[in-house]
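# Descriptive structure summary
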Amino acid sequence: MSIQPDIQSALLRRDHIKARLHTSLHHLIFEAAADLVPPALSEAELTALVLPEGGYPAPVVFAFHQGLLNAALTENTYAFKSLSDDLARLPAAEAMAPEKLTSVEMSEACFSAASLQALKTAFQDDVGLTAHLGPPAPAARAAADRHLETAMTALAKAAPDWHREMELLGSQIIYTQSQDPSLSFGGAAVFDAFGAVLINPETFRTPAVTLTQLVHEVSHQHMFLFHLDDAILLNDDDAAYASPLRREPRPMEGIFHAGWVSARMSLVADAVLSSPDRPEWSDALAADKDTTIAVFRDCAEVIDAHAEFTEFGRALYATARDAIDAL
């Protein structure tokens with residue numbers, strides 16, 4: 001357990017999640033709903049889909065799982081059958097997660113219609129404007145890809161463990177933009193589409209910004225892994241707390257997540273700046289490092305005063321505080 005990249009731990013947790021995904025889908029399709037909805041695929045086909053030899057299930061497979069689970073919990077037989085059929089027909093090209101960081105766009109040029117809908121639904125709660133999301137402007141995507149390539153090539157040389165963790169936890173970067181000019185967003189990550197990061201390409205303005213934003217979103221995925229086995233926080237979900245930098249009260253979980261991802265953004269900036277292989281543009285990370293340290297310390301004031309941790313959560317927070325204090 002560490003706030004720093006731990007590749008072996010990330011690999012083990014990914015394998016654990018994959019096994020849990022298979023167990024849950026097997027139960028939903030072949031046990032819980034089998035009397036109402038005949039399985040649309042065989043057990044062998046499900047195993048090949050979720051436990052592919054030499055690969056990992058794509059974020060959309062996780063999204064279909066969440067849709068099936070929601071349909072089962074609400075006893076929506078029609079939705080369950082429709083999602084089961086779509087999962088069984090999932091194109092092979094969409095079923096496996098990319099091994100390297102890969103950008104795609106939220107459009108039928110990259111996804112089937114059923115997969116698009118599953119992904120939009122998975123991101124709905126986090127983004128809040130899913131119905132308005134669509135493909136980005138070609139020029140915005142092209143510019144974002146240039147900054148992405150520059151940033152990730154530099155990160156692989158300067159801080160290879162950080163780069164490898166990104167490949168393991170957020171290898172599919174999905175570009176999308178709001179089709180409503182009055183609505184906008186920067187990025188999002190949700191466990192229901194594990195392995196994907198939703199990005200507005202216009203936010204990738206420079207290699208430095210691209211790097212820190214990706215670390216921000218992948219760090220949310222990092223935290224989701226911890227939440228699978230531990231509550232981390234015991235605060236009342238309805239309780240909200242203000243802080244010096246953000247007067248609008250928010251739940252402790254949001255404050256802790258903000259502090260955690262800000263700490264990791266500070267650490268990756270420091271890792272690149274301290275590397276003998278630092279890129280020529282890395283001076284821009286110095287200001288980002290100072291800003292994210294300030295955000296962490298702001299969150300820490302509220303956390304120290306009000307957080308009610310589990311034993312694991314307290315240890316997790318301590319790793320973040322110690323790492324920031326050491327900078």
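## Concerning the packing of helix α9 (residues 207-227) against helix α10 (residues 252-274)
The N-to-C vectors of α9 and α10 enclose an angle of 130°; their axes lie 9 Å apart at closest approach. It follows that α9 is oblique to α10 by the angle criterion. The way α9 lies across α10 gives a crossing that is right-handed. On α10, the residues touching L211, T212, V215, H216, S219, H220, H222, M223, F224, F226 and H227 of α9 are E253, F256, H257, W260, V261, R264, M265, V268 and V272. Residues that form the contact of α9 with α10 fall into these classes: 11 nonpolar, seven polar and two charged.

## Considerations on α9
Helical geometry: 3.6 residues make up each α-helical turn, so side chains three or four residues apart lie on a common side. Taking 1.5 Å of rise per residue, the 21 residues of α9 would be expected to cover 30 Å, and the 31 Å separating its terminal C-alpha atoms lies within 8% of that figure. Most of α9 sits out of view: 18 of its 21 residues are buried.

## Remarks on the nonpolar core
If you look at soluble globular proteins, the nonpolar side chains tend to sit buried side by side. Grouped together as the largest cluster of nonpolar side chains are 104 residues, with contacts concentrated most on L25, M152, L155, M166, L211, F256 and I303. Top element by residues in this core is α10. It accounts for 13 residues. Setting aside chain neighbours within four positions, we find M166 in contact with L101, M152, L155, S171, L211, L214, V215 and V218.

About the thresholds
Residues numbered from 1 in each chain as written. Predicted model: local features only at pLDDT ≥ 70, side-chain atom pairs only at ≥ 80, totals over all residues. Heavy atoms only, no water. Axes fitted to C-alpha atoms, helices over the stretch in contact; angles between N-to-C directions. Helix = DSSP H or I, 4+ residues; strand = E, 2+ residues; numbered from the N terminus. Parallel < 35°, antiparallel > 145°, perpendicular 65-115°, else oblique. Left-handed = near helix turned anticlockwise from the far one by under 90°. Contact = heavy atoms within 4.5 Å. Nonpolar A, V, L, I, M, F, W, Y, C, P; charged D, E, K, R; others polar. Expected span 1.5 Å × (residues − 1). Buried < 20%, exposed > 50% of the residue type's maximum accessible area, 1.4 Å probe, protein only. Core = buried A, V, L, I, M, F, W, Y, C linked by side-chain atoms within 4.5 Å.

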